[in-house]
Amino acid sequence: MDSRIYQGYLKILGEELLPAMGCTEPISVAYAAALSRDTLGAMPEKVEITVSGNILKNVKSVVVPNTGGMKGVTSAAAAGIVAGDAGKCLEVIASVTPADRERITGYLNSTQFKVEQSHSGCIFDISVKVYCGGDSARVRIVGHHTNVVLVEKNGRAIVNIEVGAEEPTCREDRSILTVDKIVEFADAVDINDVKELIKRQIDYNSAIAEEGLKNNYGAQVGKVLLKSFGGGVQALAMATAAAGSDARMNGCSLPVVIVSGSGNQGMTASLPLVVYAKHLGVSEEKLIRAIVVSDLVTIHLKTGIGKLSAYCGAVSAGCGAGSGICYMHGGKTDEISCTIVNALAINSGIICDGAKSSCAAKIASAVEAGILGFEMSRNDCNFCGGDGILADCVESTIDNICDIARNGMRGTDEEIIKLMIKKC
């Protein structure tokens, strides 16, 4: 395999497979808030938060972990200011204690918070400005969850990176991702180059899924699936991924390993494969290579859509899971391409109306579509180019889906945000 592409794929995995505690959008708000407090050098007396509509959407209904069940932008920011460790990035509030929770509640009740929607044109945009006496500090994050583009104190910039309306391109170029190269990479990769990353993904995500199946979080989608459909491999794959989301969306403080900036996608891309690996009795190495396929297919599909949109990211990760399961069964580029196209034909268009309990059910649906896409592929019963939005090859079909999700559903996204803000 071309060494440039090989190293590029390794770098992409390293950039994407990050540990995070809690839904990544409120955690990003908490990170910005903690960093602004550090920059100010004092506890803020007033806090002004400006976030893009998609951040409002994804923070509104999800529980901020380690806060005793609090939700919303102000709760996330208060947790970051009172007890956050900015050096831990997406695990910024992982070490909050019960005493800290009381302090967070008191701080929310005694401090002036103002939240506004940004109209910068950036889909992912978080700005936290804090004040104490005559001093002020501001932190802005744009494009992805830890991409700090501005740090300033008293109007003087400490960090100032120019950004436009689109996501920054300072990371590895994702355009090198194609389905055929992903399969080639999974076959060729030195297992020691990816084992630590993938093992952490398996271990973290399996732990939170177990927690979700053991205890009563949210709507208990994972438990309902097992109760209703039994313990067959397909039902267990769906239930395990859903249970991780049950726990994560409802305040569980266990960390996950994310993909495409999303813990739900990180779990969807990995947990069904863990279930299938046990069912099939495949080796650890085969499982790791299959998860590499799943992660990279997920990233490939999500790259053209963008970090946040009206298109549910679980759909992309469900395609990834189906692809990894296909690879585990011995499928190569043609079979995996058919799996992706079939799954996209089944489930594209699920809307994203923010992070919340129902994400677990959407994950289950996405995993089911990925598995059905694989079963169709191995039975040589595939949807064809020209059927609806499907093109004559997998890459063109992915382009079509990305165009619909990124551009065609822009109005849908605006309407979803408007409805959610109105109800809020």
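What counts as what
Residues numbered from 1 in each chain as written. Predicted model: local features only at pLDDT ≥ 70, side-chain atom pairs only at ≥ 80, totals over all residues. Heavy atoms only, no water. 1 Å grid on protein atoms, 1.4 Å probe; cavity = no way out; pocket = protein on both sides within 12 Å on 5 of 7 lines; lining within 4 Å. Points joined across faces, edges and corners; volume = space filled by probe spheres on them. Helix = DSSP H or I, 4+ residues; strand = E, 2+ residues; numbered from the N terminus. Nonpolar A, V, L, I, M, F, W, Y, C, P; charged D, E, K, R; others polar. Axes fitted to C-alpha atoms, helices over the stretch in contact; angles between N-to-C directions. Parallel < 35°, antiparallel > 145°, perpendicular 65-115°, else oblique. Left-handed = near helix turned anticlockwise from the far one by under 90°. Contact = heavy atoms within 4.5 Å. Polar contact = N/O pair within 3.5 Å; in protein donor to acceptor, adjacent residues only side chain to side chain. Phe/Tyr/Trp six-rings, centres within 6.5 Å; stacked < 30°, edge-to-face > 60°. Buried < 20%, exposed > 50% of the residue type's maximum accessible area, 1.4 Å probe, protein only. Lys NZ or Arg CZ within 6 Å of the ring centre and 35° of its normal. Pairing = 2+ DSSP bridges. Expected span 1.5 Å × (residues − 1). Arc of directions from axis to C-beta. Core = buried A, V, L, I, M, F, W, Y, C linked by side-chain atoms within 4.5 Å. Salt bridge = Lys/Arg side-chain N within 4 Å of Asp/Glu carboxyl O.

This part takes up empty space enclosed by the protein. Under the criterion given, the structure shown has 2 cavities of 30 Å³ or more. Looking at the largest cavity, its volume works out to about 340 Å³. The wall of the largest cavity is formed by 29 residues, among which Asn58, Ser262, Gln265, Gly313 and Cys352 lie closest to the centre. Every element with two or more residues in the lining of the largest cavity is listed here: helix H2 (24–40), helix H9 (233–249), helix H10 (263–280), helix H12 (313–328) and helix H14 (359–378). In terms of residue count, H10 provides more of the lining of the largest cavity than any other element does, 3 residues in total. The class makeup of the residues in the lining of the largest cavity is 10 nonpolar, 12 polar and 7 charged. Taken as a whole, the second largest cavity holds about 90 Å³ of empty space. Around the second largest cavity sit Glu15, Glu16, Leu18, Leu90, His144, His145, Thr146, Arg171, Ile258, Gly261 and Lys307, which together line it. Classifying every residue of the lining of the second largest cavity by side-chain character gives 3 nonpolar, 4 polar and 4 charged.

For any two helices packed against each other, the geometry is given by the interaxial angle and the distance between the axes. Packing of helix H13 (residues 333–347) against helix H15 (residues 394–408) brings their axes to within 10 Å, and their N-to-C directions diverge by 30°. As summarised for this structure, H13 and H15 are arranged roughly parallel, according to the angle between their axes. The way H13 lies across H15 gives a crossing that is left-handed. Contacts from Ser337, Ile340, Val341 and Leu344 in H13 reach Val394, Thr397, Ile398 and Ile401 in H15. Class assignment for the residues of the contact of H13 with H15 results in 6 nonpolar, 2 polar and no charged.

Another aspect to go through is the side chain of Asn347. Structurally, Asn347 is set in helix H13. When near neighbours in sequence (up to four residues on either side) are disregarded, Asn347 contacts Val315, Ser365, Ala366 and Ala369.

Peptide bonds are, in most cases, trans, and in most cases residues other than glycine have a negative phi. Phi is positive for Ser260, close to 55°, though the residue is something other than glycine. Here Ser260 shows up in the loop between strand E8 (255–257) and H10. In this model, Asp380 sits at a positive phi of 55°, which is unusual for a non-glycine residue. Relative to the elements of secondary structure, Asp380 occurs in the loop between H14 and H15.

Of note, Thr105 is situated in helix H5 (residues 98–110). The spatial distance from the C-alpha of Thr105 to the C-alpha of Ala235 is 40 Å, given a sequence separation of 130 residues.

Take Asn382: it is sitting in the loop between H14 and H15. Excluding residues that lie within four positions of it along the chain, Asn382 makes contacts with Cys338, Asn342, Met376 and Ser377. Separated by 2.9 Å, the side chains of Asn382 and Asn342 make a polar contact.

The tally for this structure, following the rule as stated, stands at 3 aromatic pairs. Here the aromatic rings of Tyr107 and Phe113 are separated by 5.9 Å at their centres, their planes lie at 90°, and the arrangement is edge-to-face. Note on accessibility: Tyr107 and Phe113 belong to one class, buried. Put simply, the rings of Tyr6, Tyr9 and Phe185 touch in pairs and so form one group of aromatic residues. For Lys46, the ring lying beneath its charged end belongs to Tyr131, and the centroid distance is 4.5 Å. In this structure, Lys286 packs its charged tip against the face of Tyr327, placed 4.6 Å from the ring centre.

This part covers the sheet that holds strand E4 (residues 125–132). A sheet is described by the order of its strands in space; here 6 strands give the open sequence E3-E2-E4-E5-E6-E7, paired in mixed fashion. Edge positions in the open sheet fall to strand E3 (112–117) and strand E7 (156–160), since each of these has one partner strand only. Direction aside, neighbouring strands of the sheet carry axes that sit 10° apart on average. Sheet analysis places strand E2 (residues 46–51) next to E4, joined by 6 bridges and oriented antiparallel.

The first and last C-alpha atoms of H5 sit 19 Å apart over 13 residues, in line with the 18 Å expected at 1.5 Å per residue. Among all positions of H5, only Asp100, Ile104 and Tyr107 are buried. Looking straight down H5, one finds its buried side chains confined to an arc of 70°; they lie on one side. Exposed residues lying more than 90 degrees from the buried face of H5 are Pro98, Glu102, Asn109 and Ser110. Those residues of H5 that are buried lie in contact with E2, helix H4 (73–83) and E3.

Right, let's get into the nonpolar core. One finds Ile93, Ile126, Phe185, Val194, Leu296 and Leu344 to be the most contacted residues of the largest nonpolar core, which totals 132 residues. The greatest single-element share of this core, amounting to 10 residues, is contributed by helix H11 (residues 284–303). Apart from residues lying up to four places away in sequence, Leu296 is in contact with Tyr9, Ile12, Leu13, Leu177, Ile182 and Phe185. The next biggest cluster of nonpolar side chains, apart from the first, holds 5 residues, and it includes Cys23, Val62, Met249 and Cys359.

For the rest of this paragraph, the subject is the pattern of salt bridges. The full count for this structure, using the stated rule, is 20 salt bridges. For Glu15, the salt bridge is made with Arg174, and the minimal N-O distance between the two is 2.4 Å. Of the two residues, Glu15 sits in helix H1 (residues 3–16) while Arg174 sits in the loop between E7 and helix H6 (179–188), which places them 159 residues apart along the sequence. Note on accessibility: Glu15 and Arg174 belong to one class, buried. Between Arg289 and Glu285 there is a salt bridge, with the nearest N and O atoms lying 2.9 Å from each other. Of the two residues, Arg289 and Glu285 both sit in helix H11, 4 residues apart, roughly one turn of that helix. With a relative accessible area of 12%, Arg289 lands in the buried category. In this structure Glu285 comes out as partly exposed when scored by relative accessible area, which is 38%. One network of salt bridges, with partners in common, ties together Glu15, Glu16, Arg171 and Arg174.

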